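Close look at the chain arrangement
Below, each chain spelled out in residue letters.
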Amino acid sequence: MSIAYAILGYLSWTPLTGYDLKKLFSESTSMYWSGNNNQIYRTLVELHTAGWVSLEVQHRDDHPSRKIYSITAPGRAALRDWVLSTPELPYSRGTFLVQLAWADQLSPAELDDLLARYEEEVRVQALMLREQAQRKRAAPDRTPREVRLWDAIAAHDIGFYEQELAWVRDLRRALAEPSPHEDAS
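Source: prediction; values computed, not measured.

This part is about the packing of helix 1 (residues 3–13) against helix 3 (residues 37–50). The interhelical angle for the contact between helix 1 and helix 3, taken along N-to-C directions, is 75°, at an axis separation of 10 Å. One way to sum up the angle between helix 1 and helix 3 is to call them roughly perpendicular. Touching Ile 3, Ala 4, Ile 7, Leu 8 and Leu 11 of helix 1 are Ile 40, Thr 43, Leu 44 and Leu 47, all from helix 3.

Once the charged atoms of two side chains with opposite charge are near each other, the side chains can pair. This model, assessed by the stated rule, comprises 8 salt bridges. Linking Arg 142 and Glu 146 is a salt bridge whose minimum nitrogen-to-oxygen distance equals 2.6 Å. For Arg 142, a relative accessible area of 47% gives the class partly exposed. Residues joined in a network through salt bridges with shared partners are Asp 112, Glu 119, Arg 169 and Arg 172.

This next bit is on helix 2 (residues 18–27). Each turn of an α-helix holds 3.6 residues, which means side chains three or four residues apart point in the same direction. Gly 18, Leu 21, Leu 24 and Phe 25 are the residues of helix 2 that are buried. One side of helix 2 holds all its buried residues, which, seen down the axis, span an arc of 120°. Residues of helix 2 that are exposed and angled more than 90 degrees away from the buried face: Tyr 19 and Ser 26. Looking at the buried residues of helix 2, the elements they touch are helix 1, strand 1 (16–17), helix 3 and strand 3 (66–71).

The next point concerns the packing of aromatic side chains. Overall, the coordinates contain 8 aromatic pairs when judged by the stated rule. Judged by centre distance (6.4 Å) and plane angle (40°), the ring pair of Tyr 5 and Trp 52 falls under tilted. Note that Tyr 5 is positioned in helix 1 and Trp 52 in the loop between helix 3 and strand 2 (53–58), a separation of 47 residues in sequence. Exposure remark for Trp 52: the relative accessible area of 25% places this residue in the partly exposed category. Members of the aromatic cluster, joined through ring pairs, are Tyr 10, Trp 13, Phe 25 and Trp 150.

Bringing the packing of helix 6 (residues 108–135) against helix 7 (residues 144–176) into the picture now. How two helices sit against one another is set out by the angle between their axes and by the gap between those axes. Close contact between helix 6 and helix 7 brings their axes to 9 Å; oriented N to C, the two are set at 160°. Judged by the angle between their axes, helix 6 and helix 7 are roughly antiparallel. Taken as a pair, helix 6 and helix 7 cross one another with a handedness that is left-handed. Class assignment of the residues belonging to the contact of helix 6 with helix 7 gives a composition of 16 nonpolar, 1 polar and 9 charged.

This part is about the pairing of strand 3. Consecutive side chains along a regular strand alternate between the two faces of the sheet. Here strand 1 runs beside strand 3; their pairing, made up of 2 bridges, is antiparallel. Across the sheet, Leu 16 pairs through a bridge with Tyr 69, a residue of strand 3. Bridge count between strand 2 and strand 3: 6 bridges; the pairing is antiparallel. Across the sheet, residue Ser 54 finds its bridge partner in strand 3, namely Ser 70.

Grouped together as the largest cluster of nonpolar side chains are 18 residues, with contacts concentrated most on Ile 7, Leu 11, Leu 21, Phe 25, Ile 40 and Leu 44. Of all the elements in the fold, those that place two or more residues in this core are helix 1, helix 2, helix 3 and strand 3. For this core, the leading source of residues is helix 1, giving 7 residues. With residues up to four places along the chain from it excluded, the contact list for Ile 7 reads Leu 21, Phe 25, Ile 40, Thr 43, Leu 44 and Leu 47. Formed by 8 residues, the second largest nonpolar core is a distinct cluster that contains Phe 96, Leu 115, Val 122 and Val 168.

About the cut-offs
- Residues numbered from 1 in each chain as written.
- Predicted model: local features only at pLDDT ≥ 70, side-chain atom pairs only at ≥ 80, totals over all residues.
- Heavy atoms only, no water.
- Axes fitted to C-alpha atoms, helices over the stretch in contact; angles between N-to-C directions.
- Helix = DSSP H or I, 4+ residues; strand = E, 2+ residues; numbered from the N terminus.
- Parallel < 35°, antiparallel > 145°, perpendicular 65-115°, else oblique.
- Contact = heavy atoms within 4.5 Å.
- Salt bridge = Lys/Arg side-chain N within 4 Å of Asp/Glu carboxyl O.
- Buried < 20%, exposed > 50% of the residue type's maximum accessible area, 1.4 Å probe, protein only.
- Arc of directions from axis to C-beta.
- Phe/Tyr/Trp six-rings, centres within 6.5 Å; stacked < 30°, edge-to-face > 60°.
- Left-handed = near helix turned anticlockwise from the far one by under 90°.
- Nonpolar A, V, L, I, M, F, W, Y, C, P; charged D, E, K, R; others polar.
- Pairing = 2+ DSSP bridges.
- Core = buried A, V, L, I, M, F, W, Y, C linked by side-chain atoms within 4.5 Å.

Here's what the structure looks like:
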């Protein structure tokens with residue numbers, strides 16, 4: 001996902017500052033962005049230069065000036081074109097899978113500890129997502145279809161972690177049993 005389109009999407013709700021965008025990214029699981037905060041500001045400058053967002057500077061006497069960004073008609077068209085483009089497949093690679101690929105060098109206890117720690121991280125993440133969904137995290141609700149789409153995104157995120165939790169638990173159980181491939185001697 002390009003951060004530019006996520007920013008345009010957020011700005012399609014309402015005008016926002018760079019700080020507002022940073023907060024929305026940090027609170028969201030589905031709009032995950034692993035880059036640093038400077039990338040948000042740099043992207044806002046690029047979007048402004050491209051004419052996809054406008055900028056209003058609000059001068060305040062008691063605080064620093066605020067830069068408020070709004071999506072423009074060309075920005076809405078670019079966002080729409082991107083939404084209509086062929087979707088990317090989900091990204092299923094992760095650091096943990098690389099760790100697991102080389103985990104045969106660990107003792108059984110070390111491997112189980114690694115899996116137990118991963119299981120706990122996944123369990124906590126699933127729990128947090130379920131709680132967020134119950135509280136209706138920040139999402140637009142301009143139309144019933146939009147509400148349904150955002151609810152589906154939340155359900156997808158929860159389902160991913162629940163499936164991951166089942167997978168790691170199954171793996172731990174399987175590793176606790178003797179392997180049919182092991183030498184019986």
